[in-house]
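Structural overview for review
Here is what each chain is made of, one letter per residue.
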Amino acid sequence: MEERGGVYAGRGLELVFWEWEVVTVMSVFSRSRIKCVPADVYSFIYSCHTTGLSLNNDRLYKLTYSTEVLLDWGKGKLQDSVGYRISSNVDVALLWRNPDGDDDQLIQITIKDVNVENVNQQRGEKSIFKGKSPSKIMGKENLEALQRPTLLHLIHGKVKEFYSYQNEAVAIENIKRGLASLFQTQLSSGTTNEVDISGNCKVTYQAHQDKVVKIKALDSCKIARSGFTTPNQVLGVSSKATSVTTYKIEDSFVIAVLAEETHNFGLNFLQTIKGKIVSKQKLELKTTEAGPRLMSGKQAAAIIKAVDSKYTAIPIVGQVFQSQCKGCPSLSELWQSTRKYLQPDNLSKAEAVRNFLAFIQHLRTAKKEEILQILKMENKEVLPQLVDAVTSAQTSDSLEAILDFLDFKSDSSIILQERFLYACGFASHPNEELLRALISKFKGSIGSSDIRETVMIIIGTLVRKLCQNEGCKLKAVVEAKKLILGGLEKAEKKEDTRMYLLALKNALLPEGIPSLLKYAEAGEGPISHLAATALQRYDLPFITDEVKKTLNRIYHQNRKVHEKTVRTAAAAIILNNNPSYMDVKNILLSIGELPQEMNKYMLAIVQDILRFEMPASKIVRRVLKEMVAHNYDRFSRSGSSSAYTGYIERSPRSASTYSLDILYSGSGILRRSNLNIFQYIGKAGLHGSQVVIEAQGLEALIAATPDEGEENLDSYAGMSAILFDVQLRPVTFFNGYSDLMSKMLSASGDPISVVKGLILLIDHSQELQLQSGLKANIEVQGGLAIDISGAMEFSLWYRESKTRVKNRVTVVITTDITVDSSFVKAGLETSTETEAGLEFISTVQFSQYPFLVCMQMDKDEAPFRQFEKKYERLSTGRGYVSQKRKESVLAGCEFPLHQENSEMCKVVFAPQLDSTSSGWF
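Residues numbered from 1 in each chain as written. Predicted model: local features only at pLDDT ≥ 70, side-chain atom pairs only at ≥ 80, totals over all residues. Heavy atoms only, no water.

1. Some words on the overall build of the chain
In terms of helices and strands, the chain carries 25 helices and 31 strands. When the accessible surface of the chain is summed, it comes to about 42100 Å², and 50% of that surface belongs to carbon and sulfur atoms. (Helix = DSSP H or I, 4+ residues; strand = E, 2+ residues; numbered from the N terminus. Areas by Shrake-Rupley, 256 points an atom, 1.4 Å probe, with all protein chains shown as cover.)

2. Side note on the sheet that holds strand 15 (residues 274-290)
Strand order in this open sheet of twelve strands is 9-10-11-13-14-15-4-5-6-7-8-16, and the pairing throughout is antiparallel. Because the sheet does not close on itself, it has two edges, and the strands there are strand 9 (190-196) and strand 16 (311-314). Pairs of neighbouring strands in the sheet enclose a mean axial angle of 25°, with direction left out of account. Inspection of the sheet shows strand 6 (residues 104-117) paired to strand 7 (residues 150-155) by six bridges, in the antiparallel sense. (Pairing = 2+ DSSP bridges. Axes fitted to C-alpha atoms, helices over the stretch in contact; angles between N-to-C directions.)

3. Remarks on the nonpolar core
Phe 183, Ile 277, Phe 420, Leu 435 and Ile 459 are the most contacted members of the largest nonpolar core, which has 236 residues in total. When residues in this core are grouped by element, the largest group, nine residues, is from helix 13 (residues 449-468). Contact partners of Ile 277, with chain neighbours within four places excluded, come to Val 69, Leu 70, Leu 71, Glu 261, Thr 262, His 263, Leu 768, Leu 770, Ala 776, Ile 778, Ile 817 and Val 819. Residues Leu 95, Leu 106, Ile 304 and Tyr 311 belong to the second largest nonpolar core, which totals ten residues. (Core = buried A, V, L, I, M, F, W, Y, C linked by side-chain atoms within 4.5 Å. Buried < 20%, exposed > 50% of the residue type's maximum accessible area, 1.4 Å probe, protein only. Contact = heavy atoms within 4.5 Å.)

4. Description of the state of the cysteines
Taken as a whole, this structure holds three disulfides when the rule is applied. The disulfide that involves Cys 467 links it to Cys 472, with 1.9 Å between the sulfurs. Residues Cys 467 and Cys 472 share a disulfide whose torsion about the S-S bond is about 100°; that sign makes it right-handed. Here Cys 854 connects covalently by a disulfide to Cys 905, the sulfurs 2.0 Å from one another. One quick way to see it: the torsion about the S-S bond of Cys 854 and Cys 905 is about 100°, and its sign makes the bridge right-handed. A residue pair is termed long-range when its members are at least 10 positions apart, and Cys 854 in strand 28 (residues 852-859) and Cys 905 in helix 25 (residues 899-908) qualify at 51 residues. Each of the two residues, Cys 854 as well as Cys 905, counts as buried. (Disulfide = S-S within 2.5 Å.)

5. Some details on helix 5 (residues 300-307)
Turn by turn, an α-helix covers 3.6 residues, leaving residues three or four places apart pointing in a common direction. Turning to helix 5, its buried residues number three or more, namely Ala 300, Ile 303 and Ile 304. Seen end-on, helix 5 carries its buried residues on one side only, within an arc spanning 100°. Turned more than 90 degrees from where helix 5 packs its buried face, Ala 301, Lys 305 and Ala 306 sit exposed. Where the residues of helix 5 are buried, they touch strand 5 (82-97), strand 6, strand 7, strand 8 (158-165) and strand 16. (Arc of directions from axis to C-beta.)

6. Details of the pairing of strand 21 (residues 716-723)
Every other side chain in a regular strand lies on the same face of the sheet, so the side chains alternate between the two faces. Within strand 21, eight of the eight residues are buried, which leaves the element mostly enclosed by the surrounding structure. Across the two faces of strand 21 the burial is the same, with Tyr 716, Gly 718, Ser 720 and Ile 722 and Ala 717, Met 719, Ala 721 and Leu 723 all buried. The pairing of strand 20 (residues 684-696) with strand 21 spans eight bridges and is antiparallel. Counted as the bridge partner of Glu 694 is Gly 718 from strand 21. Here strand 21 runs beside strand 22 (residues 726-727); their pairing, made up of two bridges, is antiparallel. By the bridge assignment for strand 22, Ile 722 is matched with Gln 727. In this antiparallel pair of consecutive strands, strand 21 and strand 22, the connection spans two residues, and Phe 724 shows a positive phi of 50°.

7. Looking at the pattern of salt bridges
In total, this model carries 41 salt bridges according to the counting rule given. Residues Arg 354 and Glu 833 are paired through a salt bridge, measuring 3.0 Å at the closest nitrogen-oxygen approach. Of this pair, Arg 354 sits in helix 7 (residues 350-363) while Glu 833 sits in strand 27 (residues 824-845), and the two are 479 residues apart along the sequence. Assessed through its relative accessible area of 31%, Arg 354 is described here as partly exposed. The class for Glu 833 is buried, based on a relative accessible area of 3%. (Salt bridge = Lys/Arg side-chain N within 4 Å of Asp/Glu carboxyl O.)

8. Regarding the confidence of the model for the chain
On average, residues of the chain carry a pLDDT of 86, and 90% of them reach 70 or more. For residues 1-49, every residue scores under 50 in pLDDT, and the model assigns this stretch 63 contacts once sequence neighbours within four places are set aside. pLDDT under 50 marks residues 915-921. Its contacts with residues more than four places away, or in other chains, come to zero contacts. (pLDDT = per-residue confidence, 0-100.)

9. Concerning the side chain of Ser 831
Mapped onto the elements of the fold, Ser 831 is located in strand 27. Residue contacts for Ser 831: discarding those within four places in its chain leaves Arg 354, Val 812, Ile 813, Thr 814, Arg 865, Gln 866 and Phe 867.

10. With respect to the pairing of strand 17 (residues 642-650)
Note: strand 17 against strand 18 (residues 654-664), eight bridges, orientation antiparallel. By the bridge assignment for strand 18, Ser 642 is matched with Ile 662. A loop of three residues connects strand 17 with strand 18, the two strands running antiparallel in sequence.

This is the structure:
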C-alpha cells in the first residue's frame, strides 16, 4: 500500500492516512481511534469524532456542577417562586478503556465541596439555609454518601452500567444518577431510545460543529411511578413537559452542559389553578490536570473489583423514595381533630370539604385495621361522612375495611350502604377489585330492595368508567356486562326491568342498544320512557340509521300509541344526532297534529335549536324554507310547555350551559320537567347534573280528561337525577291514588333528598422523576358537599301546583406541588372554595284556562375564596412560609328563560292591592 501522506502536528495529533482507505487518528493523549473518510486534512480535523464523549488518558477533569429547582404558579416571577440549588465541584477521570474498542470506557465521577442555597436571593435573612453547613442541612451520612465516587460504564456514549455503594439513601443516589445521566450523549444527529434517570425515553439529537442538543420526549419515558387522574377531561388536569440539554463539545469532551426541564400543569375547567416546575442542571469544565493512570485489563468487571469490591451495579433509572414524617399523628388522632368539621350541621361550610379532602390523603396510607377501628367507634351522626371519606380513598385497605364494616344482609344501615355505593359510583379511578366486590354483593343476600337496585346501578357506572380506561376486557367487566344484559333479558318483574335499564343507562354498552330500542317501542309507561332516556345518553356514532328508524316509529306512532314523554324523548334523540332532511321535515309536519301541549313543546324544541345554534339548526333552517313546514298555523300553537337553553358561562375554550324543558298534560298538570347543566372544555363534555320530575295520572284531582295513550296510568310522581354523569336511583314522591291522598293530607312541605353527601370529584396524583434526581409531586383534589332535594306540592283549594328543585353545593379544590430531596422540600399549596346554591321553581295555577305557568331559576350569591401558600422546609424542621388570601363575592342572579315565561310570571306574582286604609270605603 503506497503511503502518500505525512505528519500533521497541530493540536497534538499525529495523522497517518492512505488514499481510499480508512484513516486512523491517534491522539497523543487518549490514543482514541476515530474512523473517517476525509475530503482533505482540514475538514478531517473538524468532522471526525467518537460516537460519544471520550476522555483523555491520565487526566483529571475538574468541573463545577449545580442543579436547581423552582416552583411557581405559572406566572414566571422569581419573587413569587420557591426552590433551592445544590452546587458542588466534580472530578471526572478515565479509569479504563477497552483495548479492543475505544468507545468502551469506565469513568469515575466524584462530587466534592457541596453547598445548598436558595435560588431566590431575595430571601435574605429569611433563608432557611443561612448559617447552616451542608452537613447540618443534609445530614452527615447523606453528605458522605453524596461525596463517595460513582463509576459509569459507557459504550458508544451510552450508559451500560452505573455503579455505586450499597445501602446509600435512595434520594442521594438519585442526585448522583442525575449527574451521571448528563454524560450519556451521542455526537451525531438522530432519534433513538435511551435509558437514564428519567426512564426509557425517546430522545432526539441535533449535532452541530461544536454543539449537540438533546431533546427528550418526557411523555414517552417508561418509568414505574404511582399516580392516577380523573378520566373525564373536564375534571382532569392537563400537563406539558419539556426537556432540552445542550452540550458544548471540544476534543470529544464537554466544556459545558446546560439542561432545563419544565413541567406545566393546569386544571382544565378552572384555569386559575395552575403551576410550573423548572429544573435546571449546569456542568462546566474549569481545568484539567494530571490524573490517575489508566488501568489495564480486558473486562470492566475486573477493573471495578480492583478499584473497590464494595461497588455494585444499580439501575441508572431513578428510584422511588418516601420522606419520613417525624411526629405525625396516627389516623385515629387525626380523625379526632377532623370529625368536628364533618358534623351534619357543618357540612354546608367549606372547611368541612377541606378537612374531608385532607383526611382522604391520610386514609390512603393507612392499614385496614386502623380504618376499621375508627369506623367501629364512630356515632351515627358522623358515620355517613366517614363512610364517604373511607370509600373515596380507593385503596385496597380502605375497601376491605368498609366491606367488613357494612352488613348488606341487614336493612338497618341503609343510609351507610347507600353512601358507600354512591361514593363508589363517583370514584375517580375505580379498579377491577371494586367492581368484583359489588358483583359479589349483588349475587349475595341484600336486606333492602332499594340497596339491591343501587348496587346494580353502580355496577353499570363502574363498567363504563373501566371501559373508558381501556378495561373493557377485564374479567370482572365481562362478567358485569353479562349480568346486566342477561338480567334485562330474563327480568319478569317491572322492578327488575327498571333496575337493569338504569344499570344500562350508566354502563352505555353498545351491545345494549337493541334491548333499549325494544323496551322503548314495546314497553309500557315509565319503562318505555326510561329506555328512551337511556338512549339519549349515547354518543352520536351509536345512533345509527337503524336506531333512528325505530325512534321515528315511536314518535310518529306507526305501530302503537305512546305516551307524550316517550315520543318527545325519541324526537329529541333524532334532532340531537345528525338528523336527515326527511327526519326533520316529518317532525315539523307533525306539529299541529299532536295534542295541544305536545304541539307547544315540540315547537319550543325546534325554536330552541334555532335560537341556540345547535348542530341541527342548519338542517332545520333548510326544511323551514318549505312553506308546507313553515307557516303561521304550525308556528302559532298555544300552550304552557316550553324548552330553553342558555349559557351560565362562556369563553373561547369552555362553556357551561343550562337547559330547562317542561311538558304539561292537556289538563295543565306537570307531566315532566327536565333541568340539565353541562360543562364543556373543547369537545369534551360533562353532564354536571340533571333533575327530572315526572308526574302522571293526576287528572282525577281536577276532574280532567287524560291525554291520548295515558288513560290508564296510575297516579305517580317522582324524581330522577344524574350527577356528574352518574344516574342515581330515582326517588318516588307517591305511587298510587291512596298514597297520593295520604301524603297530601299529611304533607309537611319538607323536600325529599335525592342525594346528599361528600363527593371526591377531582382526583389527580402525579409523581415526577426530575432529570436532576429530585422528586416532584403534583396533587390536585376537588371535593364537594352536595344536597339535591325536590318537592312537589298540590293545593286543591287554591288550584295550584308547585315543584321545587334545590341544589346546595360547597366546592373546595386543593393543589399541592412539592419538590423533595429528602433533606429539603419546597412546595406550593392553593385552596379555592365557594358555596353555591341553585333553585328551580315551577308554579302552575289551573284555576282558569289557559293555565298560568311561571318558571324561576335562581342562583344564590356565592362567596369565592382563594388561599395561596408557598414554603421551603428542612427535614430538621426549620422552614420559610408565605401566605396570601383573596376573597370576592359572585353575584346571584335569575337565569333568563323565554319571554313568554317572563310575561306569565308577572301575572302569577302580580303585586297585591294595598289594603292598609282604615276607612270604610
